[in-house]
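Residues per chain, in single letters:
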Amino acid sequence: MSAAQKAGDERFAIVTGGSAGIGAAIVRQMVEADYTVLSLARRAPAVSNPAVIGVTVDLADRAATEQVAAELAAQYPVTTIVHNAGVIRENLLEDVTQEDLAVLSQLHLGAPLALVQANLATMRAQHYGRILLMSTRAVLGLAKRTVYSSTKAGMLGMARTWALELAGDGITCNVVCPGPIQDTEMFHDVIPKDSPKIAQVADNVPVGRLGEPDDVARAVLFFVAPEAGFVTGQTLFVCGGTSVGSITY
């Protein structure tokens, strides 16, 4: 099946963490691109549209995630998976716990593994699939991010491995690494909205501003497009240039 043919079909996509911030922007842009979106999150989707189907699940819960993945795979022919859900759990090294590591390993690595495995047969049958993992600029190093940066870095190896294994099936797998993105809960959990530190962080970004959720969503839409079949195993930093410099916040 060619990309052109696929573009004319109804496309079902899973987007995790679609209830706010970057996830909500991805859901909105995918709906505008004529996807039917299954939004997996602990809360209802931010986008109210008949093409958005909300599924409440805690993706840090392995059993719940595997159950939902199997149920959705039985109901919908999902060929696009965007794993955007994430948690930081900021801590200095001496305060990091094994529980932090276990929870974020499941959320950042276990959850996408379960979702892709559940829908892999459908993708292979259609000889078409798009997998996008949302990592972070922090994989290059950022203080107080031991567990966050390490589990998110695992996504890079996972995506490159899947890209090689699945290329012959018409399935691509890529990674987007956002830098500091304003108007997201994760960013403002670290820096409150009324903090003067926000302006300081923006000044440290080479392009002179913080990112916005739509900046990241546009990159995601490029990778998951039917026409992007020749792009796989790649990592794109959407970070205002901070991946080639340094940043603290």
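These numbers were taken from a predicted model, which means no experiment stands behind them. (Residues numbered from 1 in each chain as written. Predicted model: local features only at pLDDT ≥ 70, side-chain atom pairs only at ≥ 80, totals over all residues. Heavy atoms only, no water.)

A. Structural context of the overall build of the protein chain. When helices and strands are tallied, the protein chain shows eight helices and seven strands. Against the 2.2 N^0.38 benchmark of 18 Å for 249 residues, the protein chain shows a C-alpha radius of gyration of 17 Å, consistent with a compact globule. For the protein chain, the C-alpha atoms occupy an extent of roughly 50 × 35 × 35 Å along the three principal directions. Scored against the burial criterion, the 249 residues of the protein chain give a buried share of 51%. A fraction of 72% describes how many contacts in the protein chain between residues 6 or more apart in sequence connect residues 24 or more apart. By element, 52% of the accessible surface of the protein chain is carried by carbon and sulfur atoms, the whole surface being about 11,100 Å². (Helix = DSSP H or I, 4+ residues; strand = E, 2+ residues; numbered from the N terminus. Rg over C-alpha atoms; globule rule 2.2 N^0.38 Å. Buried < 20%, exposed > 50% of the residue type's maximum accessible area, 1.4 Å probe, protein only. Contact = heavy atoms within 4.5 Å. Areas by Shrake-Rupley, 256 points an atom, 1.4 Å probe, with all protein chains shown as cover.)

B. View of the pairing of strand E1 (residues 11-16). Where burial is concerned, most of E1 is hidden: six out of the six residues are buried. Residues of E1 alternate between two faces, with Arg11, Ala13 and Val15 on one and Phe12, Ile14 and Thr16 on the opposite face, all of them buried. In this structure, E1 lies alongside strand E2 (residues 35-41), joined through six bridges in parallel fashion. The partner of Ile14 across the bridge, within E2, is Leu38. For the handedness criterion, the β-α-β arrangement of E1, helix H2 (residues 21-32) and E2 is classed as right-handed. (Pairing = 2+ DSSP bridges. Right-handed = clockwise from strand over helix to strand, strands pointing away.)

C. The arrangement of the confidence of the model for the protein chain in detail. Confidence in the prediction for the protein chain averages 92 pLDDT; 94% of positions are at 70 or higher. Scored below 50 in pLDDT, residues 1-7 shows 12 contacts in the model against residues more than four places distant or in partner chains. (pLDDT = per-residue confidence, 0-100.)

D. How the structure looks around the nonpolar core. Ile14, Leu40, Leu72, Ile131, Leu133 and Trp162 are the most contacted members of the largest nonpolar core, which totals 31 residues. Elements with a contribution of two residues or more to this core: E1, E2, helix H3 (62-75), strand E4 (78-83), helix H4 (98-126), strand E5 (129-134), helix H5 (146-166) and strand E6 (171-178). Looking at this core element by element, the count peaks at six residues for H4. Ignoring sequence-local partners within four residues, the contact set of Ile14 consists of Leu38, Leu40, Leu72, Val78, Thr80, Ile81, Val82, Leu115 and Asn119. (Core = buried A, V, L, I, M, F, W, Y, C linked by side-chain atoms within 4.5 Å.)

E. How the structure looks around the packing of H3 against H4. Direction vectors running N to C along H3 and H4 enclose 25 degrees, while the axes themselves pass 9 Å from each other. Here H3 is positioned roughly parallel relative to H4, judged by the angle of their axes. Note that H3 runs across H4; the crossing there is right-handed. Every residue of H4 that contacts H3 at Arg62, Thr65, Glu66, Ala69, Ala70 and Ala73 is listed here: Gln106, Ala111, Ala114, Leu115, Ala118 and Asn119. (Axes fitted to C-alpha atoms, helices over the stretch in contact; angles between N-to-C directions. Parallel < 35°, antiparallel > 145°, perpendicular 65-115°, else oblique. Left-handed = near helix turned anticlockwise from the far one by under 90°.)

F. Quick look at H3. Given a rise of 1.5 Å per residue, 14 residues ought to cover 20 Å, and the 20 Å separating the end C-alpha atoms of H3 matches this to within 8%. Taken as a whole, H3 has its buried residues at Thr65, Val68, Ala69 and Leu72. Angular distribution of buried residues about the axis of H3 spans 105 degrees; they occupy a single face of the element. In this structure, H3 carries Ala63 and Ala74 as exposed residues pointing more than 90 degrees from its buried face. Structurally, H3 contributes buried residues whose contacts are with E1, E2, strand E3 (52-56) and H4. For H3, the N-terminal cap is Asp61; the gap from its side-chain oxygen to the backbone nitrogen of Ala63 is 3.1 Å. (Expected span 1.5 Å × (residues − 1). Arc of directions from axis to C-beta. Polar contact = N/O pair within 3.5 Å; in protein donor to acceptor, adjacent residues only side chain to side chain.)

G. Local environment of the sheet that holds strand E7 (residues 235-238). In space, the seven strands of this open sheet follow the order E3-E2-E1-E4-E5-E6-E7, with parallel pairing throughout. Where the open sheet ends on each side, the last strands, each with one partner, are E3 and E7. In this sheet, adjacent strand axes meet at a mean angle of 20 degrees when their direction is disregarded. Judged from the four bridges that link them, E6 and E7 form a sheet pairing that is parallel. Bridge assignment links Val175 to a residue of E7, and that residue is Thr235. In this fold helix H8 (residues 213-224) packs onto E2, E4, E5, E6 and E7, with an angle of close to 165 degrees to the strand it touches most, E6.

H. Structural context of the pattern of salt bridges. The final tally for this structure, using the stated rule, is eight salt bridges. The salt bridge partner of Arg28 is Asp214, with a shortest N-O separation of 2.4 Å. Of the two residues, Arg28 sits in helix H2 while Asp214 sits in helix H8, which places them 186 residues apart along the sequence. Of the charged contacts, one joins Arg209 and Asp215 as a salt bridge, the two residues approaching to 3.1 Å between their closest N and O atoms. If you follow the salt bridges from partner to partner, you end up with Arg89, Glu99 and Asp100 in one network. (Salt bridge = Lys/Arg side-chain N within 4 Å of Asp/Glu carboxyl O.)

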